[in-house]
Amino acid sequence: DKQRANTFDFLRLLFASFIIITHAYPLSGLPECDPVCRLSNVQLNFSYIGLIGFFTISGYLITNSLFKSENLLSYFWKRGLRIYPALIVLLVLTVLLAPFVYENSGVSYLSNTTMWTYIPNNLHLYKLQSGISGVFENNPVKNAINVPLWTLCIETTLYILIAGIFFLKRSRLAIWVMFIALIFFVFADLFLRNYFSYKMILFVKGQTLIEFGVFFMGGSFLACSNFEKNKYKAWITIFSLLIVSGALFIEQFYYVKYLLIPLIIFIGSNSIKYLSNLSGKIGDLSFGIYIYSYPIAQTLQHFFKLKPEPLIIYTLVLSFIFGSLSWHLIEKHALKLKNLKFSFS
């Protein structure tokens, strides 16, 4: 795809870093309330902003990718290439390195059934296994190797849900379909949370799919409606910012959080000097940072028992290194296969 000057790469790096900040608190044995959580009186935290940002940008970029795909097979092939090569290497490395932090003296590592199921369950995406028993057993968060992988099954489900608009292309009907989908998600998030908390939708928890899918659908709707070319986009963004700021002040953020969607897309779709198209300069590191950060933080806690602030700094540095290695050694090369021709004829 032809690169346009935008700051989506920078935002994704920022959002990945936000998630690392929030995780450092429970991982060091403290309540999960970071500075943003305290400032907002527990209305949101760094991690929540990060997840909102990731899902919003994902909805926007994936919908654009869908419209550029030759057919649905090509679309799903590109999605698989973006997730699986890096994930496979991560899971193999996890199983190979886990013996160094294994603390279950009753069962040898090779006899541990959870070790053998760790890779297949996490490759499945819908049968996620966050840990191997005996690994990180004495950490404040026990037996959890890579909790953030839960978002991958939600993402995959959302990729499937929007696939149908491929056949509508960038038509007025596509805009209406995505608008109706967005309204349904907003309504379900505001009024049907309890109903969906016990329901499974496409093999994932309905409540979680609704809670974060609403941002993905918002990004997708803005992609369908060509928000980048909307002459009122700056005014929409200013209005959104004012409403969100006011709502935070009177502690009503929950009801207007959806207005962050145009704000994120407006910032991301604009060019900012030094911050534009970072993937062309340093690589697209955000996915690698995201999937490596939690096991890195847990390993640091296993050996050093750090407080949140040093844990954040060391995890950020090491995650950026691993994210860079993941991109340059694996992801970049896998994505060269994305333009393989798929034909149904």
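Let me sum up the structure you'll find in this document. (Residues numbered from 1 in each chain as written. Predicted model: local features only at pLDDT ≥ 70, side-chain atom pairs only at ≥ 80, totals over all residues. Heavy atoms only, no water.)

### Some thoughts on helix α10 (residues 233-249)
Next, step 1: Along its 17 residues, α10 runs 24 Å from first to last C-alpha, staying within 8% of the 24 Å computed at 1.5 Å per residue.
Next, step 2: The complete set of buried residues in α10 reads K233, T237, S240, V244 and A247. An end-on view of α10 places all buried positions within 100° of arc, on one side of the element. For α10, the exposed residues set more than 90 degrees away from the buried face come down to W235, F239, L242 and F249.
Next, step 3: Turning to α10, the residues buried within the fold contact α11 (253-256) and α12 (260-269).
Next, step 4: Where α10 terminates, the next one or two residues include E251, which has phi positive at roughly 60°. (Helix = DSSP H or I, 4+ residues; strand = E, 2+ residues; numbered from the N terminus. Expected span 1.5 Å × (residues − 1). Buried < 20%, exposed > 50% of the residue type's maximum accessible area, 1.4 Å probe, protein only. Arc of directions from axis to C-beta. Contact = heavy atoms within 4.5 Å.)

### Looking at the pattern of salt bridges
Next, step 1: Going through the model one piece at a time under the given rule, you end up with seven salt bridges.
Next, step 2: Notably, a salt bridge pairs D189 with K257, separated by 3.0 Å at the nearest N-O pair. One end of the pair, D189, is in helix α7 (residues 172-191); the other, K257, is in the loop between α11 and α12, and 68 residues separate them in sequence. For the pair formed by D189 and K257, the shared burial category is buried.
Next, step 3: Here R193 ties to E211 by a salt bridge, and the two come within 3.6 Å at their closest N and O atoms. Of this pair, R193 sits in helix α8 (residues 193-196) while E211 sits in helix α9 (residues 206-224), and the two are 18 residues apart along the sequence. In this structure, R193 and E211 share a single accessibility class: buried.
Next, step 4: Put simply, D9, R12, R82, D284 and E331 are held in one network by salt bridges that share partners. (Salt bridge = Lys/Arg side-chain N within 4 Å of Asp/Glu carboxyl O.)

### A closer look at a nonpolar patch on the surface
Next, step 1: The grouping of I313, Y314, V317, L318, I321, F322, L325 and L329 at the surface amounts to a nonpolar patch, some 740 Å² of accessible area in total.
Next, step 2: Turning to its location among the elements, L318 is positioned in helix α15 (residues 308-334).
Next, step 3: We classify L318 as partly exposed; its relative accessible area is 31%. (Patch = residues over 30% accessible without salt bridge, like charges linked within 9 Å, V, L, I, M, F, W, Y side chains within 5 Å. Areas by Shrake-Rupley, 256 points an atom, 1.4 Å probe, with all protein chains shown as cover.)

### Quick notes on the state of the cysteines
Next, step 1: Inspection of every chain in the model, using the stated rule, returns one disulfide.
Next, step 2: The side chain of C33 participates in a disulfide bridge whose partner is C37; the two sulfur atoms lie 2.0 Å from each other. Between C33 and C37, the S-S torsion sits near -90°, and that sign places the bridge as left-handed. Taken individually, C33 and C37 each receive the classification buried, so the pair is uniform in this respect. (Disulfide = S-S within 2.5 Å.)

### A word on the packing of aromatic side chains
Next, step 1: One pass over the full model with this rule turns up 22 aromatic pairs.
Next, step 2: Arranged with centres 6.4 Å apart and planes meeting at 65°, the rings of F15 and F54 form a pair that is edge-to-face. Residue F15 is found in helix α1 (residues 8-27), and its partner F54 is found in helix α3 (residues 46-68); the two are separated by 39 residues along the sequence. In this pair, the class of F15 matches that of F54, namely buried.
Next, step 3: Relative to F196, the ring of F184 lies with its centre 6.3 Å away and its plane at 90°, an arrangement referred to as edge-to-face. Pair noted here: F184 is in helix α7 and F196 is in helix α8, with a separation of 12 residues, a long-range link.
Next, step 4: Aromatic rings pair up to connect F15, F18, F46, F54 and Y290 into one cluster. (Phe/Tyr/Trp six-rings, centres within 6.5 Å; stacked < 30°, edge-to-face > 60°.)

### Looking at unusual backbone geometry
Next, step 1: The backbone of F136 shows a phi angle near 60°, a positive value even though the residue is not glycine.
Next, step 2: Looking at the element boundaries, F136 is found in the loop between α5 (113-124) and α6 (150-162).
Next, step 3: Phi is positive for N226, which is not a glycine, with a value near 55°.
Next, step 4: Secondary-structure assignment places N226 in the loop between α9 and α10.
Next, step 5: The exposure class assigned to N226 is partly exposed, which follows from its relative accessible area of 33%.

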